[in-house]
Amino acid sequence: MTLDSTRRVVALVPAAGRGVRLGASAPKAFVPVGGSPMLVHAVDGLIASGVVDRIVIMAPIEMIDAARELLAARAHAASSIPVDVVAGGAERTDSVRAGLAAAADATHILVHDAARALTPPSLIARVVDALSTGHRAVVPGLPVADTIKAVDAAGDVTGTPDRSELRAIQTPQGFDAALLREAYALGLPATDDAGLVEAIGASVHVVPGDAMAFKITGPLDLRLANTLVADMTVGSTPAVTG
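First things first, this report covers the structure right here in the doc. (Residues numbered from 1 in each chain as written. Predicted model: local features only at pLDDT ≥ 70, side-chain atom pairs only at ≥ 80, totals over all residues. Heavy atoms only, no water.)

1. Here we look at the overall build of the protein chain
A tally of helices and strands in the protein chain yields 7 helices and 12 strands. Here the C-alpha atoms of the protein chain give a radius of gyration of 18 Å, agreeing with the 18 Å that 2.2 N^0.38 yields for 242 residues. Expressed as lengths along the three principal axes of its C-alpha atoms, the size of the protein chain is roughly 65 × 40 × 35 Å. The buried share of the protein chain, reckoned over its 242 residues, is 43%. By sequence separation, contacts in the protein chain at least 24 residues apart represent 73% of the contacts at least 6 residues apart. A distance of 1 Å separates the average location of the 19 positive side-chain charges in the protein chain from that of its 25 negative side-chain charges. (Helix = DSSP H or I, 4+ residues; strand = E, 2+ residues; numbered from the N terminus. Rg over C-alpha atoms; globule rule 2.2 N^0.38 Å. Buried < 20%, exposed > 50% of the residue type's maximum accessible area, 1.4 Å probe, protein only. Contact = heavy atoms within 4.5 Å. Lys, Arg positive; Asp, Glu negative; His and termini not counted. Charge placed at Lys NZ, Arg CZ, Asp CG, Glu CD.)

2. A few points about the pairing of strand β4 (residues 54–59)
Most of β4 sits out of view: 6 of its 6 residues are buried. Where burial is concerned, the two faces of β4 agree: the one with Arg54, Val56 and Met58 and the one with Ile55, Ile57 and Ala59 are both buried. For strand β1 (residues 9–14) and β4, the ladder comprises 5 bridges, and the chain directions are parallel. Residue pairing in the sheet places valine 13 in a bridge with isoleucine 57 of β4. Bridge count for β4 against strand β5 (residues 83–87) is 5 bridges, and the pairing is parallel. Bridge pairing links isoleucine 57 to valine 85 in β5. (Pairing = 2+ DSSP bridges.)

3. Looking at the environment of glycine 201
Its place among the elements puts glycine 201 in the loop between α6 (193–199) and β12 (205–208). A relative accessible area of 65% means that glycine 201 is categorised as exposed. A sequence separation of 135 residues divides glycine 201 from alanine 66, and the C-alpha atoms of the two residues are 40 Å apart.

Written as structure tokens, this is what we have:
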């Protein structure tokens, strides 16, 4: 499913991060979760969503062949959705720029972290559905459960934001392609793509996120992800009768 017959949704998957906080020897996107690399899980989810026309993965240059082999082994080549691999950059923004250059045919862009490997396909579809209603920038977000404190350089609290107005933002983040290209052309620093769009004055719409779209950043996250995949595998095993 696409927004309409004239629109093309391309998902960009930054996968060049080194995963220092995870303590892994391989780039983070290639660390296995439940026996398969995070990258494979992320691509599986994008394909299963049914709302993406093409996927572009931005991998470390030395891992491009490995990424292609991984995806071929999972028979993604049999899917009607093309999955391409290009060289990423030293920083996440460099990787997204490389992805944008490889997605000249896109009218809408999804930027999805490979580290959010267990993101449900329904969440991906929800972002694209919001784009289809006319929003030019869409992000999924969850209400913040903890009290948040603003702290200065000396470690003193300067304020307590109202958490009812706060959201923890996830991916995929969806954009009108022209808008995201305009934001990236300015070369501004930001911790996420929506931040770049906000910096040029565009409105960003938030849709409900999903707890399963958590980011696998540290060892505890990886342990949780492995446990969840194991539970899902057990739950999908047919019961033996006799």
